[in-house]
Amino acid sequence: MLDFENPSYFRPTSNVKSAMIRIQLRSIIACALLAGALAALPARWVPAQTAPAAVQGAPDNAMQISWEVRNRFRLFREERDFLLHAENAQGRSILASEQALELQSDGRGWARNMVSRLCIDLAGRISEPCIRDKVRESYLAAVDHPVTVRLTGEVPVGATCAWTFDDGEGPQQSTLDCAEPVNLRARYGRSTVATVEVSSGPDAPQRVTTEIRVRDIFIAGLGDSIASGEGNPDRPIALSEEGFCFRSYLGTAAAQYYRPSRAGYKGGRACEAPDTLQVWQRQSALWLNGACHRSLYSYQTRTALALAVQYPHIAVTYLPLACTGATIADGLFGAQRARECPPTKSASACQGTVNAQLAELREAVSAAKRRQPDRQLDLILLSIGANDINFSGLVADVIVDTPTERVLFRRSGVLGSLDDSRAALARELPQSFGRLREALKPLVGDLQRVVFVSYANPTLADVGVPCAGGRAGFDIHPSFNAQPQRLANVSGYVDNEFLPYLKALALCQSGVLCRDPGADRLTFVDAHQAAFANHGFCARAQNDPEFDRECFSPTGESFDPDLVTAANQPMLCGRSAGDYRAYLPRARWIRDANDSYFAAMTYPQGLPSSSQPADIHDATWGVLSAVYGGAVHPSAEGHAAMADAALPAVASVLQLNAAPSEMTEVPAPPVVVAPEER
């Protein structure tokens, strides 16, 4: 580094001095000409130019106009919800922010009330228009955005600011104390020139100007249960301290067992007193979308939200479409079964199916273009492929251990095998992936705008070391036991075969055939996989929640086996199951089967009729609830870690960090602008 303040380091000779004088004279003349040219320009052109040398060298606290888009995560109807995240995100990663919010909410979750204050309802319908902060806006194609403008830096105390805002349709003016912010709505697709004349005492007014141009980024989320946020209901289920009876397959009284009931459930709790599913469902967990188990905690939502928090000059229009159970064929291209059919206030019948995600996205883009012909889909977040190779079947094969259940579930197709999964990985997934590329191109143009976020291996206790297995975390059902050898086999398959091949598919590598390898590559994210290496479903720590440490036995003996005492208190620890908190920081970033039951207790309906439970006391759904309702899926912390990995890739694709600063200060005497130039 050159030390220009040290005269002994750089002392010019007489010849050098003469040359420098000539250079300085030419520079002064050039600067004078440039200043004269700039003075002749219309005022609204000034923000687009480079600041003059005198301004560039000004101290950091010189006056400048600062602006930001208010409530810029447009899914939120109320600014208070955005501000909660913006305030908690200061100086924190998404993961650290999630952990802070979890503690702040006492583990009840920040989304529990926000989920009812969105521009997309719980059935997945977009509110058009959406009333955001008491203003009617088109959600998919806003005509303007709320902006707050402030004068910052070294502002004289008591100074008066005469503001002018001009978006090409005539200036709007107001005069305020310079300490007061100005709120306005900036038109979409055009620049608004903000000019302020600062008056203080006898000195001549000082002028500062900048250009306001909001970039509204349209993001869609596609994919499966990892993309949707499965395992993390926006409002977790409330549990009772009382027990609820299940019948196992043998049908005898000895095969009955009790687990915590749903709080508020007034129906029969004994196995001999069955009740209707509708009564049971009234106390269900609440989701952003129950049919797909979409959650605000999903990495896709957290990434889009973090983008809005981090970049104050953008607005983010986010469309979540991912659905638990989706494959490329059934979910993206075709309709799929609804995961769950929670009751509605209108008592409308459950449709039982969910529309194809690609069709939904095309319709949304078309609707946006009808309002704004130049509206474009800027980015797609995508995770898909696990269901295509029947990963849920592999999970069932690992955790369902008793012989009777294994026979029954193998016959019904619930249990999968590594051989079948490998065959699908080699033959079916590449073809489906190729078809998916061709479908995505017309939506985004450049496939780099598809950010494929890979899966994390959920089974690791440490780098390359799978969990030991056993009933710990899986004793919610008598047939569960994470069998060590099957667990190790699946863990190795995920690490050594599935994840590498998925990366090759996304990036057209390792012999994967793409029509145009240079143009067909997706943006691929897997930086989070290393972080998950010691946060698998078996991870435990001394600072885990007190309920977990006291009530979830490390030996898999959490529940009272006695039918009489368990009917009133099923937990051996003696505490109410209602004390469980789904959203507290934990060492494990993967939900185990106990977590799945205690957070969501899903009664699965997205399965063939042959696999459906006979009634709500049938132990079949206890198994399927874990396999299809959140077990071995990331927790909110896990999704936040995934979002931390995805955010830099998304910002890079959107070129947000490369964009020049939109704020320019130009202190200058008033410039008279000819009427024809306004």
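Heads up: these notes are all about the structure in this document.

1. A few points about the overall build of the protein
Per the secondary structure count, the protein includes 19 helices and 20 strands. A burial count over the protein gives 53% of its 678 residues as buried.

2. Remarks on helix H12 (residues 418-444)
Its axis deflected by about 40° at Glu428, H12 carries its strongest bend there, up to four residues before the proline Pro430. Note on H12: the residue one or two positions beyond its end, Gly445, has a positive phi of about 80°.

3. Comments concerning the packing of aromatic side chains
Evaluation of the coordinates by the stated rule reveals 23 aromatic pairs. Ring centres 5.6 Å apart and planes at 90° place the aromatic pair Phe547 and Phe552 in the edge-to-face group. Of the aromatic side chains, those joined through ring pairs into one cluster are Phe547, Phe552, Phe559, Tyr580, Tyr597 and Phe598. The ring of Phe333 carries the charged tip of Arg435 above its face, separated from the ring centre by 3.8 Å.

4. Brief notes about the nonpolar core
Counting 163 residues, the largest nonpolar core has Phe73, Leu307, Leu361, Leu382, Leu440 and Phe598 as its most contacted members. Counting residues per element, this core draws most heavily on helix H19 (residues 636-653), at twelve residues. In this structure, Leu361 is in contact with Ala220, Leu222, Leu319, Leu321, Leu377, Ile380 and Leu443, ignoring residues within four places of it in sequence. Within the second largest apolar cluster, 22 residues are counted, among which are Met63, Val147, Ala159 and Ile212.

5. Description of the sheet that holds strand E9 (residues 206-212)
Strands in a sheet are paired, the pairing made by backbone hydrogen bonds, and the direction either parallel or antiparallel. Within the open sheet, the four strands sit side by side as E6-E5-E8-E9. Their pairing is antiparallel. Each edge of the open sheet carries a strand with a single partner, namely strand E6 (171-177) and E9. If you compare each strand with its neighbour and ignore which way they point, the axes differ by 20° on average. In the sheet, strand E5 (residues 160-166) pairs with E6 via seven bridges, with the strands oriented antiparallel. Of the residues in E6, the one forming a bridge with Phe165 is Gln172.

6. Description of H19
Residues that lie three or four places apart on an α-helix share one face, since the helix turns once every 3.6 residues. The terminal C-alpha atoms of H19 lie 25 Å apart, and with 18 residues this matches the ideal 26 Å at 1.5 Å per residue to within 8%. At Ala646, H19 shows its strongest bend, of approximately 30°, with the proline Pro648 following within four residues. Summarising burial for H19: 15 of the 18 residues are buried, a large majority. Positive backbone phi, approximately 55°, marks Gln655, located one or two places after H19.

Parameters and conventions
- One numbering rule holds for all chains: residues counted from 1, following each sequence as written.
- Totals for whole chains, interfaces and linings use every residue, but because this is a predicted model, local features are given only for residues with pLDDT of at least 70 and side-chain atom pairs only at 80 or more, for both listing and counting.
- Here the side-chain values reflect all heavy atoms present in the structure, with hydrogen atoms and water set aside.
- Labels follow the DSSP assignment, with helices taken as runs of H or I lasting at least four residues and strands as runs of E lasting at least two, numbered in each case from the N terminus.
- The rule is simple: take the accessible area with a 1.4 Å probe, protein chains only, and divide by the maximum for that residue type; under 20% is buried, over 50% is exposed, in between is partly exposed.
- Bend at a given residue is defined as the angle between two axes, one fitted to the seven residues that end at that position and one fitted to the seven that begin there.
- Paired rings are identified among Phe, Tyr and Trp, the last through its six-membered ring, by centres lying within 6.5 Å, and are further divided according to the angle between planes into stacked (under 30 degrees), edge-to-face (over 60) and tilted (the rest).
- By the criterion adopted, a ring carries a charge over it if an Arg CZ or a Lys NZ lies within 6 Å of its centre and within 35 degrees of its normal.
- Note on terminology: a nonpolar core comprises buried Ala, Val, Leu, Ile, Met, Phe, Trp, Tyr and Cys residues joined through side-chain atoms within 4.5 Å.
- Contact between two residues is taken to exist if any of their heavy atoms lie within 4.5 Å; hydrogens are not considered.
- In this scheme, strands are said to pair when DSSP sees at least two bridges between them.
- To obtain an axis, a line is fitted to C-alpha atoms, over the contacting stretch when the element is a helix, and the angle between two such axes runs from 0 to 180 degrees between their N-to-C directions.
- The length a helix should cover is 1.5 Å for every residue beyond the first.

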